[in-house]
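# Reading the structure
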Amino acid sequence: MAFQNAKRTGVEFAKGDHPNALFVTSKGQFALQRQREVYCDELQQSREAAAINSAVSAVSQVTLSKSSEARRAPVRVKVPAAGHEAAFYDPLSPPINQVTFFLNGQLQTINNPDPQMTLNEYIRSVPGLNGTKKSCGEGGCGACTVTLTRTDATLNETVHEAINSCLRPVCALNSSMSVTTIEALGGQRQGFHPLQQAIADFDGSQCGFCTPGQVMNMYSFMQDNPQPTQQQIEDQFDGNLCRCTGYRPILDAFKSFAVDASPQSKRQCKGPCGKPSDIEDLCCSSKKNNHHARAAEPINNKLVTAANGVLWYNATSLADLQSIMSQNAGAQMKLVVGNTSAGIYKDQTYDLYINVAGIPDFVATGVESGGLFFGAAVTIADLIAVFNTNIAANPGYQTDNLVALVAHLKKVANVQVRNVASWAGNLMMTHDNDDFPSDLATILLGAGATVTVTSAAGSSNTVTIDTFLSTPMQGMYLAELHVPWGRQNEHLFTYKSMLRHQNAHAIVNAAFRILLDGSNRVAEQPTIAYGGILPRAFRLTAAETTLQNQLVTDRTAIGNVIATIAKNIVPDATPGKVAYRHSLSTSLFFKAVLALQPPGTIAPTLQSVVNPFVRPVSSGVQSYDVQPGDFPVGEPIHKIEAKLQASGEAVYTGDVPAPSGCLYAALVTATQANATLGTVDPTAALAAPGVRGFFSAKDLPADQNTPDPILVDEEVFVSTQVLYYGQVIGVVVADTQRHADAAAKLVSVTYTNVQTPLLTIQDAITANSFYEPDIPPLSQGDVTKGFAASTYIISGSVASDFQQHFHMETQTVLAIPEEGQSLRLIGSSQWPVGLQQTIAHVTGKSIAKVSCEVRRIGGGFGAKATRVLIPFSAVAFAADSLGLPVRMTMDISTNFATAGKRHPFLGNYKIGVDANGKALACQIDTFCNKGHGLDGGPPTEVLFLTIDNCYNFPNFLVTGKTCKTNLPPNTSCRGPGWTQAIFFMEHIMEHVATYMSKPPEVIRALNFYQRGQVTPSGQTLLYFNIPQLWAQIQSSADFATRTAAVAAYNTANRWTKRGIALCPMKFGIYWASDPMSCVVNVLPDGSVGVSIAGIEMGQGINTKVAQAIAYGLGIPLKFITVLPVYTLATPNGGGSGGSVTSELNVRAALNACDQLNALLAPVRASMPPNSAWTDVVATAVAQNINLQGLGYVNEGNGPNGPANYESYAVACVEVLLDVLTGENQVLRADILFDCGVSMNPAVDIGQIEGGFVQGLGMHLSEQILYDSVTNPGALLTTGTWEYKPPASQDIPIDFRVTLLKDAPNPVGILRSKAVGEPPLTLACCGLFALQHAIGAARADANTNGYFGLDSPATIDKVQQACLVDPSQFTF
């Protein structure tokens, strides 16, 4: 680098000494002379900071503290005349083709790096650090989180940021940066880091796939925030998803490090050194490890690299950028800072990437006349930091607008994205893409911000945000953002509606800026800005003109403005939810109007709008009893794999080291939903980099193209008829997963005879498209007579839609050809025996020639039972054909599109009751959307067995039809059939209660079964205890008092409402046709190796089996090791699901222990009493006794009916509803669960919490959409951008779980009960609580009577059900 000095005079740089310099004019615009740059960063050196701070004190001092929110970018300050030294940087450095950075303290050097290689791909494939996972590849789940450490030259200190490694290009790294992965924190050899230990100790890891990312997010945060509060910690986790745990134990684990944690939960560090200390002085903190705090080193600033025809430049100056842009005019180029847009627009390709994060002017921030300015590479986190700094330094009207902006910016994306994404990149995304509802565009437009747009030739223009959005940007770039100070009596309000409370894009956003005079009159044209209404943010000038000069206290004038908004807002139809988006345009403005009213002038019923609810720190209570005499069975021990999952050492399928010569596969899928397959041309794909082959139906013998014996009505590869969008046509094999994924998109496929697909249940009913025969009806008594005897007959319909399984580990498999034409599969499967049989058929081998191995899976929930058979068969066939190992890690979009979902159901019902509400007859006609493929059968039969739930119907009839549609075959999803059945029946009970104007809990209790009665399915309920649980939860949850409080609240508040509900659950547990086996080998040293048929997928089966064996053999747990499932060791097992896998494997293990105890009995008899286990084993080995036990179970129906027993539970849920927007919070959830005698209360409570939260997602936020217009049959919700399972602030704020005490299960294994799926069915209670809140809102709108909510009740449906009408907007 070449540096020269210059003096600054006035507001320009002196140019005389450097005729080729860039300078800043008095208007803050850039000028360029002879393509060279002067770089001025006044705060780059601490000696200069004091002078500048003094110079700008009259405007508004900007200083950066060492806190995480204000320690970001270098600050450049525009000031009046003041002499100051600046450095001129000569950009003409020689280009290089090398990237260097530090990874866990080791220097990494990448020669000729691929611009499209991400950090995640690098760290997993080159050094092989597989603790960092990849799940969504979109920056939406946090599984790939690592710490990026860099030296901030402004602060002269090291800063640490959590980032998504799946989005960070390796080319965007340099030698002053250090990356830390989970492996550097700790592990089983060096000792576990306190954070790893904590998440294990708090039972915060189930499947464990997300756990390293959770730990790394907290670790990154604590490096710069060693004394966090609980609220700060909860806010930090908006970018980390977990499908298993329900988040409560994760948050509790990390909140134990908070300064305000309770003394009982407050945690001390006891790290690898073993020395306890306060957490703020972590003895094993990264700051004490020299690989984290690297001083700034000379950076190879100007990187030019090319791979596969794609260029990457690291621009180091504005002159550099302009030169590159000019020389590549016409090329498709992308200016990169955080590269987060790649997570949304994954298919956008570019010829050229220009990294602008190192341009000094682009990372500059500071004060200018009239406000603040920010260079184009300033991140969203930096915006927040600088805004907060100014708010703290200058509280008052000048920064009140910044307060509103900060609050809104914290709702943008998530921590990991905000840390690296720039404001300019966000604005460019909405500029270039009609479907990106940018929050920044709307709120900055509302705040009156402007941007400086500069051309490649160097000319600049400063324009408003809306002008920028309509400005062609070819050959242009964003240079600066200018945010004005607020003015006295100026008010800025911003709003955002989204599907969940965190990490979700806006459905609608809005910003209103209004300047009032002393009489509350609008003093000038206000700003009324909206986003999510049209493709881009805009100002509604008609409403602005109507509002100008009006008194905001004038109800008539405000009514006119609202009418103008309603008249002029016409939402674009493309995103859907048109009526909701239109309604929000007025309701959000009404919120702002209420906030503008003088204090004390609005009715008390409106105060909850003016002072909105702020979510407090969440809490949880877990209550259970234990019986120490049975330990280790019943002991609440932590999962045996938990610490390995927390340290990233737990191995998943994708972590298995690639064998020599390993290739990678990607599926080619159909892009029509109902057509005849035409041609399949892989020519372009085969010519793509790294591609080794392509296989389709023409390569596979027709008699092997069916995944027999499981999916007999489907094909591995489409042969002639395309039945659904996403159906597998072929498989591409290449040298890397990225190359395979890219090549799969190049296969050219044509279609003929394209027909309109059937997508919905109604489509199937209209077309009479059903699978035959119908499900045999289930009946009891005579419904005709029952209805005739009824006082009231009530009818209606209820529907439950899809749910995505959303397992964090996508479908992943490794197929390895081995000697003797055998094939070994390592796969993420819930049913390895079924997979083994299918692969044997497809490859034409005997079953003995195929082995399947599963150590654990990263979540399954049913999706990895049958729906892995086709993609894994395609991979296995490719591996067998090539004679080389082939692996596939499916990308999330393909995973979502090809796999079926939870079955949608429709129920048309009629119920007859007497004058008191006692049911006399009930008929329900059900329809199930199966998709195109039976997938082993619909869950309708289970629905039939469950749909009575806890209620006795003397006359009962349920019928079922299975709809054949052009969708991927829908499949089992946690609680299949049970979940829909219980929701339907509870909906019916709600309808009866409303019709009869009686409390729902009274109607429910009136119709409960009594012990000993028989269900329509023939189940005798010998142990029915719902009345006991019902009374207990009403007492423990203080239901009566809270119900009265809810009613009082609803009377006192017009636009916010509360609701509270109680729901019961009866869940039949079926052991039949689910065989399980267990082999227990006792080795000479006394250690015990265990092989089971059940899959560890987060439910703690390995832990429970180990506890049972320790109990059965009378030995300590430390002797026991549970091995991976291997089909040639435990053959002929069933699939893992239906909530029964753990208990059946425990029974098999106990059977094996019985055999071993029988073998050891004579040995023990010949030895002194209480001889050590190791001595007993040694004696048996010396006597040549084969210490192997083989347990096998294959149970039939239960003794009292088809179910072996029933699981019972009740729930009480209270919610808060914002009527104007439909947003809602679960304030409290109480669950009382009959778990029998829990084998492990810690594990079982985790299942209850996780299942319940997954159910809340099903009923409240998880909406699946298929295209029915543009590309019929295409899945629209293909990833984390559109599909929203619950995040950490969607869980109950107060979450209480109690296991029923003194309730042994007389027919259960070790007196226990299943717990995996039943809790999910209770979550419909949250929907009914919300329905009650909506009912209160409807009553205020003078509408009474029953209305029903289908599932999911997303916020748009909720708000529309509230009947919000602008004519009611009074104050």
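How each quantity is defined
- Residues numbered from 1 in each chain as written.
- Predicted model: local features only at pLDDT ≥ 70, side-chain atom pairs only at ≥ 80, totals over all residues.
- Heavy atoms only, no water.
- Helix = DSSP H or I, 4+ residues; strand = E, 2+ residues; numbered from the N terminus.
- Buried < 20%, exposed > 50% of the residue type's maximum accessible area, 1.4 Å probe, protein only.
- Contact = heavy atoms within 4.5 Å.
- Areas by Shrake-Rupley, 256 points an atom, 1.4 Å probe, with all protein chains shown as cover.
- Lys, Arg positive; Asp, Glu negative; His and termini not counted.
- Charge placed at Lys NZ, Arg CZ, Asp CG, Glu CD.
- Axes fitted to C-alpha atoms, helices over the stretch in contact; angles between N-to-C directions.
- Parallel < 35°, antiparallel > 145°, perpendicular 65-115°, else oblique.
- Nonpolar A, V, L, I, M, F, W, Y, C, P; charged D, E, K, R; others polar.
- Polar contact = N/O pair within 3.5 Å; in protein donor to acceptor, adjacent residues only side chain to side chain.
- Pairing = 2+ DSSP bridges.
- Salt bridge = Lys/Arg side-chain N within 4 Å of Asp/Glu carboxyl O.
- Phe/Tyr/Trp six-rings, centres within 6.5 Å; stacked < 30°, edge-to-face > 60°.
- Core = buried A, V, L, I, M, F, W, Y, C linked by side-chain atoms within 4.5 Å.

Before going further, it helps to examine the overall build of the chain. A tally of helices and strands in the chain yields 37 helices and 51 strands. Among the 1371 residues that make up the chain, the fraction classed as buried is 63%. Taking the contacts inside the chain whose residues are at least 6 apart along the sequence as the reference set, 77% of them involve residues at least 24 apart. For the chain, the accessible area works out to roughly 45,400 Å², and carbon and sulfur atoms hold 52% of it. Side chains of the chain give 90 positive and 108 negative charges; the mean places of these two sets differ by 3 Å.

It is the contact of helix α9 (residues 397-409) with helix α12 (residues 439-446), at a shortest axis distance of 11 Å, that shows an interaxial angle of 170 degrees. For the element pair α9 / α12, the angle class is roughly antiparallel. Contacts between α9 and α12 involve L405, H408 and L409 from the former and D439, L440 and I443 from the latter. Of the residues assigned to the contact of α9 with α12, the class counts are four nonpolar, one polar and one charged.

Our next topic: helix α6 (residues 248-255). Two residues of an α-helix separated by three or four positions point the same way, owing to the 3.6 residues in each turn. When you tally the buried positions in α6, you get eight out of eight residues, the bulk of the element. All of the buried residues along α6 are R248, P249, I250, L251, D252, A253, F254 and K255. Residues of α6 that are buried sit in contact with α3 (194-201), α4 (211-224), α5 (230-236), β27 (619-623), α34 (1241-1260) and β51 (1294-1299).

Position of S822 among the secondary structure elements: in strand β37 (residues 822-827). Judged by relative accessible area, which is 15%, S822 ranks as buried. Among the polar contacts listed, one links the side chain of S822 to the backbone oxygen of E819, at a separation of 2.8 Å. Each residue touching S822, except ones within four places of it in the same chain, is listed here: I816, P817 and K849.

Take the sheet that holds β27 next. Pairing in this open sheet of five strands is mixed, and the strands run β27-β51-β50-β49-β43 from one edge to the other. The sheet is open, and its two borders are formed by β27 and β43 (1056-1069), each paired with just one other strand. The sheet shows a mean angle of 10 degrees between the axes of neighbouring strands, direction not considered. The pairing of β43 with strand β49 (residues 1205-1218) spans 14 bridges and is antiparallel. The partner of K1066 across the bridge, within β49, is Y1208.

Once that is clear, we can look at the sheet that holds strand β31 (residues 721-722). Strand order across the open sheet formed by three strands is β31-β29-β33, with antiparallel pairing between neighbours. Edge positions in the sheet fall to β31 and β33 (748-752), since each has one partner strand and no second. As defined by bridge partners, strand β29 (residues 675-681) adjoins β33 across four bridges and the pair is classed as antiparallel. Bridge pairing in β33 places V680 opposite V749.

With that out of the way, let us pick up the pattern of salt bridges. Counted under the stated rule, the structure contains 43 salt bridges. Residues D630 and R1311 are paired through a salt bridge, measuring 2.6 Å at the closest nitrogen-oxygen approach. Residue D630 is found in the loop between β27 and α18 (642-646), and its partner R1311 is found in the loop between β51 and α35 (1318-1321); the two are separated by 681 residues along the sequence. The exposure class of D630 is buried, given its relative accessible area of 19%. E1214 is the salt-bridge partner of R1058, the closest N and O atoms lying 3.5 Å from each other. Residue R1058 is found in strand β43, and its partner E1214 is found in strand β49; the two are separated by 156 residues along the sequence. Accessibility expressed as a relative area gives 24% for R1058, which makes it partly exposed. Within the structure, one salt-bridge network assembled from shared partners comprises E234, R248, D252, K255 and E1249.

What follows concerns the packing of aromatic side chains. Counted by the stated rule, this structure contains 33 aromatic pairs. Between the aromatic rings of W312 and Y353, the centroid separation amounts to 5.9 Å while the plane-to-plane angle is 20 degrees, which identifies the pairing as stacked. Of the two residues, W312 is situated in strand β15 (residues 310-314) and Y353 in strand β17 (residues 352-355); the sequence distance between them amounts to 41 residues. Overall, W312 belongs to the buried group, its relative accessible area being 0%.

Glancing now at the nonpolar core. In this structure, Y530, F589, I911, V1090 and I1109 are the most contacted members of the largest nonpolar core, which totals 226 residues. When neighbours within four sequence positions are excluded, Y530 is seen to be in contact with T442, N509, A510, F512, R536, A537, F538, L540, I565, I569, S585 and F589.

When you tally the buried positions in strand β30 (residues 691-696), you get five out of six residues, the bulk of the element. Relative to strand β32 (residues 728-734), β30 runs antiparallel, the two being bridged by five bridges. Opposite F695, over in β32, you have V731 as the bridge partner.

These results come straight from atomic positions and should not be treated as a statement about function.
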